[in-house]
Amino acid sequence: MIIIENDEIMLSADNGRVFMTIKKDNYNLKKVDELTSAHPRLKISNFMAVKKAVESGSHDPIEVGSWIDSMELEISIDKMEALITIYESQNFIQENIESLQKNIQKLLQDNGIVFGQQPLDLNSIKTGKSYIIAKGVPPEKGANAKISYLQQAEKTPVINEDGKADYFDMNFIVEIDEGSWLGEKIPAQQGTEGKNILGESVPALMGDDLPLKYDTKSAYEVEEDGKTVLRSKTKGVIGEVNGVLTVQKHLVIDGDVGLETGNLKFDGSIQVRGTVMAGYSIVSSGDISIESNEGVHSAELIKSTEGDVFIKGGIFGRGITKVEAHHNIFVKHANECTLEAKDTIHIGFYSLGSKIFCNELILDERKGKIIGGKAIAINSITSAYTGNNSERKTELVVQGIDRKILTENAKTKAQEMMKLQEETTKLNFSLSQLNQFKSSMSVQQVAVYEQTKQKYNEIQREVKELDEEIQRILKMLRQTSDYFIDIKREANPGTVIQIGNKSSYLTKQTQGKFKLENGELNV
């Protein structure tokens, strides 16, 4: 087939192969470029042979490349889209619109494309550019599973009508009965099927399943009205341990902890409607709430290994009482006692001659007082007053952190957590697969399903615990530039202000937010 022939050149095609014969000695490479521009179907692949023929003045036929099809159809792997590319010149397209339309339809038909054809305006297309000529309808993913849980008590101070916070009138514990609703899961929904360009149905996508996270020893699942409902196996209080909902055992002492009860050690939460008598102790894994308005007098130890401690009436410790919490301590006042918490210690009125260790220490900004003793916090101390007119020595220390050690700890814990998350992904996939056949399982298969779920929950607890520690470290790292001791009204003489390794002994009354500036205390 002769493509073009004139006085200078002849271009011919044979089974897709293109041959060029140069007739005149003055033919050059610029004219070769003009030739390829005028004939988009010409693809020169042997440029060196063309260059050699032009430079040597050879008149022998040479193979220069290929003559490609007028148009090309590309179908995506998923058969959801087809692209067409036309390799004719713009003039050819404009002069042969009708025949090209017929060729396009034939090309689609030959490739089995019967659905989703898209209009193509041949008047505006560009040579060599790909255009969507057919597009399927993708399947729609169904709604993901929806999970809701019974809300735990919000351990925040009640805001009175005058706008003041009352730390001692708190909804600290939510009690529940056996069989109580703890949460529910609306199952993932089936989506809408799609159709590809070959007219074939594309299966609908199921929404993502999500597991209910709970302690299997204290709660169970039951199917109700098309939902998976979580109910309590026992009477207790709602709680959370490492991100997993649990019903903790709940011990209520209607009176005092003392001679009649003895020292208490309990795996769960303890609610004391009275007080803790002198010399007696409470150790609990859950929250501890001591609700007597008279507070605690000379008790030996009040300790929550996993939760918070709330003492409504304050502490008169006489140098004996020690209170420890895994998270927070809320107390009306602290008198000659020791307080330790990993997170925050909230004191409503005053701390007198006490030893305090925590991440943040917060007293009432209008009336709170720290008089005597020593308060050590990692990040900050806030109070209205410190010391007194008698210049009683009062030590306030904000330690700060060692960034290098904390960063390494965070990296190590993050690596541990990633390994566990990989395992939970595999287990979650297994649970999703098993859940589809739950209704027809044998006893042995149900046992495997329950064991897999239990292992999943256990690893989730570990992941949550690691994540909690990592977040605690990251929070500390983010706060390194804002360690402070904030005395809103009066810092009396005798107060020691220390941040990091910089300290100052106050000899006159002052106030303000004390912190390091250019490596020195701004006292």
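Above this text you will find the structure in question.
The structure reproduced in this document is the subject of the present report. (Residues numbered from 1 in each chain as written. Predicted model: local features only at pLDDT ≥ 70, side-chain atom pairs only at ≥ 80, totals over all residues. Heavy atoms only, no water.)

## Considering the side chain of Thr394
Argument step 1. Inspection of the secondary structure puts Thr394 in strand β36 (residues 394-398).
Argument step 2. Excluding its chain neighbours within four sequence positions, the residues that come into contact with Thr394 are Ile370, Ile371, Gly372, Gly373, Gly387, Gly494, Thr495 and Val496. (Helix = DSSP H or I, 4+ residues; strand = E, 2+ residues; numbered from the N terminus. Contact = heavy atoms within 4.5 Å.)

## Thoughts on a negative patch on the surface
Argument step 1. Together, Asp267, Glu306, Glu458, Glu462 and Glu465 give the surface a local cluster of negative charge.
Argument step 2. Here Glu465 lies in helix α6 (residues 443-478).
Argument step 3. Exposure remark for Glu465: the relative accessible area of 41% places this residue in the partly exposed category. (Patch = residues over 30% accessible without salt bridge, like charges linked within 9 Å, V, L, I, M, F, W, Y side chains within 5 Å. Areas by Shrake-Rupley, 256 points an atom, 1.4 Å probe, with all protein chains shown as cover. Salt bridge = Lys/Arg side-chain N within 4 Å of Asp/Glu carboxyl O. Lys, Arg positive; Asp, Glu negative; His and termini not counted. Charge placed at Lys NZ, Arg CZ, Asp CG, Glu CD. Buried < 20%, exposed > 50% of the residue type's maximum accessible area, 1.4 Å probe, protein only.)

## Points about the pattern of salt bridges
Argument step 1. Considering all chains together, one arrives at 18 salt bridges under this definition.
Argument step 2. We note a salt bridge from Glu340 to Lys322, for which the minimum N-O separation is 3.5 Å. Linking Glu340 in strand β31 (residues 338-341) with Lys322 in strand β29 (residues 322-325), this pair joins segments that are 18 residues apart in sequence.
Argument step 3. Glu340 gets classed as partly exposed once you look at its relative accessible area, which sits at 28%.
Argument step 4. Notably, a salt bridge pairs Lys502 with Glu520, separated by 3.5 Å at the nearest N-O pair. Within this pair, whereas Lys502 is found in strand β39 (residues 502-505), its partner Glu520 is found in strand β42 (residues 520-521), the two being separated by 18 residues in sequence.
Argument step 5. For Lys502, a relative accessible area of 29% translates into the label partly exposed.

## With respect to the nonpolar core
Argument step 1. Core analysis: the biggest nonpolar cluster contains 44 residues, and Ile302, Leu339 and Leu361 have the highest contact counts within it.
Argument step 2. Among the elements that take part in this core, strand β33 (residues 355-363) stands out by supplying 4 residues, more than any other.
Argument step 3. Once residues within four sequence positions are removed from consideration, Leu361 is found in contact with Ile345, Ile347, Ile356, Ile370, Ala375, Ala377, Ser380, Ile381 and Thr382.
Argument step 4. Listed in part, the 18 residues of the second largest apolar core include Leu73, Leu100, Ile104 and Ile125. (Core = buried A, V, L, I, M, F, W, Y, C linked by side-chain atoms within 4.5 Å.)

## Re the environment of Glu95
Argument step 1. As for its placement among the helices and strands, Glu95 is situated in helix α3 (residues 90-95).
Argument step 2. Residues Glu95 and Asp209, spaced 114 residues apart in sequence, show a C-alpha to C-alpha distance of 57 Å.

## Digging into the sheet that holds strand β16 (residues 219-224)
Note on sheets: strands pair through backbone hydrogen bonds, and any given pair is parallel or antiparallel.
Argument step 1. Taken in spatial order, the 4 strands of this open sheet run β9-β13-β17-β16, and their pairing is antiparallel. Because the sheet does not close on itself, it has two edges, and the strands there are β9 (146-149) and β16. For this sheet, the mean angle separating the axes of adjacent strands, direction not counted, is 20°.
Argument step 2. In this sheet, strand β17 (residues 227-232) lies alongside strand β13 (residues 181-186) in antiparallel orientation, the contact comprising 4 bridges. Note that in β17 the partner of Glu184 across the bridge is Val229. (Pairing = 2+ DSSP bridges. Axes fitted to C-alpha atoms, helices over the stretch in contact; angles between N-to-C directions.)

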